[in-house]
Amino acid sequence: MKQSRIMSMVEAATNVVVGYVLAIATQFVVFPWFGIETGLAEHLTIGLAFVGVSLARGYLLRRLFETIRMRRS
């Protein structure tokens, strides 16, 4: 069954939101190991810097694989 463009965006957005939450949690654990001290605002800002890239990456890869799948059908 073909995945719609909207559902591709929903999937990519969900992936990014889950990834964002995990990234923030990981930063809280990993940063101190390297002597990096930041507050909550900095953690959130660092995470947000990657959200757009992650969203675009997930969406574009999904569309690429959907195109490949449709060509093979």
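Everything quoted here is computed from the prediction, not taken from an experiment. (Residues numbered from 1 in each chain as written. Predicted model: local features only at pLDDT ≥ 70, side-chain atom pairs only at ≥ 80, totals over all residues. Heavy atoms only, no water.)

Draft legend 1. Representation of a nonpolar patch on the surface in the model. On the surface, Phe28, Val29, Trp33, Phe34, Ile36, Leu40 and Leu44 cluster together to form a nonpolar patch covering roughly 760 Å² of accessible area. Those elements that provide at least two residues to the nonpolar patch are helix H1 (5-33) and helix H2 (40-72). When residues of the nonpolar patch are assigned to their parent elements, the largest contribution, three residues, is made by H1. Tracing the chain through its elements places Leu40 in helix H2. (Patch = residues over 30% accessible without salt bridge, like charges linked within 9 Å, V, L, I, M, F, W, Y side chains within 5 Å. Areas by Shrake-Rupley, 256 points an atom, 1.4 Å probe, with all protein chains shown as cover. Salt bridge = Lys/Arg side-chain N within 4 Å of Asp/Glu carboxyl O. Helix = DSSP H or I, 4+ residues; strand = E, 2+ residues; numbered from the N terminus.)

Draft legend 2. Representation of the packing of H1 against H2 in the model. The contact between H1 and H2 brings their axes to 8 Å, and the two run at 145°. Both H1 and H2 take part in a crossing whose hand is right-handed. The residue inventory of the contact of H1 with H2, partitioned by class, reads 15 nonpolar, seven polar and five charged. (Axes fitted to C-alpha atoms, helices over the stretch in contact; angles between N-to-C directions. Left-handed = near helix turned anticlockwise from the far one by under 90°. Nonpolar A, V, L, I, M, F, W, Y, C, P; charged D, E, K, R; others polar.)

Interpretation note: all reported values are geometric properties and have no functional meaning in isolation.
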